[in-house]
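Each chain is listed here by its residues.
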Amino acid sequence: MVELKYTPLDEIDKIRTSLHAGFQTGKSKSLAYRKYQLLQLGHLLKENRARFVEAIHADMGRPVFETEFYEITGALTDITAAVKSLSSWAKPETSPFNFNWFAMRPRAHKVPKGVVLVITPFNYPVWLVVEPLIGALAAGCAVCLKPSESAAATSALWTELLPKYLDPDLVRVVNGAVPETTRLLELQWDHISYTGSGAVGRIVASAAAKHLTPVTLELGGKSPVIVDASADPALAARRVLLGRFVNAGQTCVSPDYVLVVKGIKDRFLQEVRKSYAAFTAASGDPSSKSGLAPTTFSHLIHSRAYARISGMLEKTRGKVIAGGERDEKENFVGLTVVEGVEKEDALMGEEIFGPVLPILEVEHVDEAIKFINGGDRPLALYVFANDKKVKDKVRNETISGTMAFNEVVIQLGAPGLPFGGTGASGYGYHRGKYGFDAFTHVRTEMDSPAFIDKILWWRFPPYTDAKLRAMLRMMKDGLPAKPKGPPRLDGASEGGWRKWAVVLLAVTAAAAAVKRARN
Ligand code: NAD
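This write-up is about the structure you can find in this document. On a predicted model such as this, the values are computed, not experimentally measured, just so you know.

### Brief notes about the packing of aromatic side chains
Next, step 1: Summed over the entire model, instances satisfying the criterion amount to 14 aromatic pairs.
Next, step 2: With centroids separated by 5.8 Å and ring planes inclined at 40°, the aromatic side chains of Trp-89 and Phe-436 adopt a geometry described as tilted. Of this pair, Trp-89 sits in helix α4 (residues 64-90) while Phe-436 sits in helix α14 (residues 432-438), placing them 347 residues apart in sequence.
Next, step 3: Look at Phe-297 and Phe-332: their rings are 6.1 Å apart centre to centre, the planes differ by 70°, and that puts the pair in the edge-to-face class. You can see Phe-297 sitting in the loop between α10 (262-279) and α11 (303-315) and its partner Phe-332 sitting in strand β12 (residues 332-333), a full 35 residues away along the chain. Phe-332 carries the same exposure label as Phe-297, and that label is buried.
Next, step 4: Taken together, the ring pairs connect Phe-245, Phe-279, Phe-297 and Phe-332 into an aromatic cluster.
Next, step 5: Taking the ring centre of Trp-189 as reference, the NZ or CZ of Arg-16 above it sits at 5.8 Å.

### Some words on the site of the ligand
Next, step 1: Close to the ligand lie 26 residues; Lys-146, Glu-149, Tyr-194, Leu-219 and Glu-351 are nearest.
Next, step 2: Within the side chain of Lys-146, one N or O atom sits 2.9 Å away from an oxygen atom of the ligand.
Next, step 3: At a separation of 3.0 Å, an oxygen atom of the ligand approaches a polar side-chain atom of Ser-197.
Next, step 4: Across the complex, the protein chains shield 88% of the 840 Å² of accessible surface that the ligand would expose by itself.
Next, step 5: Of all the elements in the fold, those that place two or more residues in the shell around the ligand are α7 (178-186), β6 (191-195) and α8 (198-210).

### Here we look at the nonpolar core
Next, step 1: In terms of nonpolar packing, the biggest core is built from 141 residues, with Val-227, Phe-268 and Phe-384 touching the most fellow members.
Next, step 2: Both of domain 1 (9-220 + 431-443) and domain 2 (224-415) provide at least three residues apiece to this core.
Next, step 3: Residues contacting Phe-384, with those up to four places away along its chain left out, are Val-225, Ile-226, Val-227, Asp-228, Ala-231, Leu-235, Ala-236, Arg-239, Val-240, Asn-406, Glu-407 and Val-408.
Next, step 4: Ranked by size, the runner-up nonpolar core spans five residues in total, among them Met-104, Ile-452, Trp-458 and Ala-470.

### So, the sheet that holds strand β14 (residues 356-362)
Next, step 1: Strands sit in the order β10-β13-β14-β9-β8-β15-β16 across an open sheet of seven strands; the sheet is mixed. In the strand order of this sheet, the two ends are held by β10 (319-322) and β16 (402-405), each with one partner. Neighbour-to-neighbour, the strand axes of the sheet open up by a mean angle of 25°, direction not taken into account.
Next, step 2: Where strand β9 (residues 255-261) meets β14, four bridges bridge the pair, whose relative direction is parallel. Note on β14: the bridge partner recorded for Leu-259 is Leu-360.
Next, step 3: Packed onto the sheet, helix α12 (residues 365-373) meets β8 (223-227), β9, β14 and β15 (380-384) and runs at close to 150° relative to β9.

Conventions used here
- Residues numbered from 1 in each chain as written.
- Predicted model: local features only at pLDDT ≥ 70, side-chain atom pairs only at ≥ 80, totals over all residues.
- Heavy atoms only, no water.
- Phe/Tyr/Trp six-rings, centres within 6.5 Å; stacked < 30°, edge-to-face > 60°.
- Helix = DSSP H or I, 4+ residues; strand = E, 2+ residues; numbered from the N terminus.
- Buried < 20%, exposed > 50% of the residue type's maximum accessible area, 1.4 Å probe, protein only.
- Lys NZ or Arg CZ within 6 Å of the ring centre and 35° of its normal.
- Near = heavy atom within 4 Å.
- Polar contact = N/O pair within 3.5 Å; in protein donor to acceptor, adjacent residues only side chain to side chain.
- Areas by Shrake-Rupley, 256 points an atom, 1.4 Å probe, with all protein chains shown as cover.
- Core = buried A, V, L, I, M, F, W, Y, C linked by side-chain atoms within 4.5 Å.
- Domains from an automatic or database assignment.
- Contact = heavy atoms within 4.5 Å.
- Pairing = 2+ DSSP bridges.
- Axes fitted to C-alpha atoms, helices over the stretch in contact; angles between N-to-C directions.

What follows is the structure, encoded as structure tokens:
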């Protein structure tokens, strides 16, 4: 296990002061310099990808495939998109043309918020560092990064590489655990981005409130899966199980539990067993556990995580229908499927964040929706269904950070779209322009020529009736007519049948006129 050197507490204030001085030089205001920094970040990753793969393997035994697919390729694509789009994201917005205002040249400039703090978790220690870094560097901020102490090897690698590739006046790393993060949170920052658990998210938000610092909170929670009677049971089983398999379930949007509709349950369970057998087929490695060789399946990050998941498995009243292996020495829990789980089960309390998948039976989709709406707003909600009405129903009657139909996890990778939670799963967004916006202050300005006082002569005191009339003549609101009543909510358009009756009458009259003319 790699030992991570923690930053001495008295260094932390100095780091913030030096970042402040770096930001004040103004170099990060230059778009060319921001693009240079983004490119440097991309090349840091590209030139050292094998070392990142190794570091993550040292931290959690993660297979190369997963690190490449779920972290590095996505991070590189997003850096490329940021370099290409930065100029358009950063363009000032002009006010829509208005005769009263245009001469004052009103516009909104995108300015960096300033010196920002980015705190990241262990589970995707590349992607979740890169995404907020893209937003902050693109916006022109100076960044203090506090990576997870639990992913010690990866955090040590970031600490070594960042000063070699990025401007140390603008990017610094602080390493440590609770005391170091607590010290960081006592200082004033211009934005804080926190990714991690809801419990710590609350600590971060409270600390930020003392300085009125804006915060992005990317949190977790239980992400449910609904398997409807109209679903393809084989496809649902294969994809849901994959979502739980990846990184041994230590994924913020991993399917946390399945609500399967009674009518399809048996077929779904049968397919789950089949997919389990396929995923864990012996890899040829004699040390493999259920075929889950060290190059195929991650272990849990530390002994606390192992104890937590083991505790849940010991307490569950459900029946293990696949997997169930554990090895305390290696913090290893194999992919485990538990069936016949009730709503009050030990597996249904907090986010599992491990490779255990509980399956609950529901009578119908309405029961699943009610159950989901009775809990915290999820970071991701998954629906396996082929019936469009079911898809629309779940979309309309629930809320979640993200949503995917007949898919899991990879909805986060779709280019150009934001990633963020709602309610207990967090607030604010990362990725693309949304990430840029998070670290950007939109500063409205105008530059008013002297002659404006000839036009707005009436704004200066003393106020008179003539000035009031002149002002009201100019400041017309243009509000559309008052509605006759509330709009129809049943999807039918206002006066729809009347419109068609008029069209019909017109066509009939025209046809009659043509007939008359011919006669
Ligand atoms: P964590 O909250 O334990 O740690 C994350 C960061 O918080 C670390 O840098 C850690 O040093 C710091 N920290 C821990 N305790 C602290 C304290 N008392 N005061 C101040 N800072 C503290 O989270 P984790 O275990 O690394 O990550 C798991 C959680 O993160 C899960 O809930 C998961 O769903 C969530 N997550 C969310 C996203 C997302 O994008 N929404 C992504 C990944 C993980």
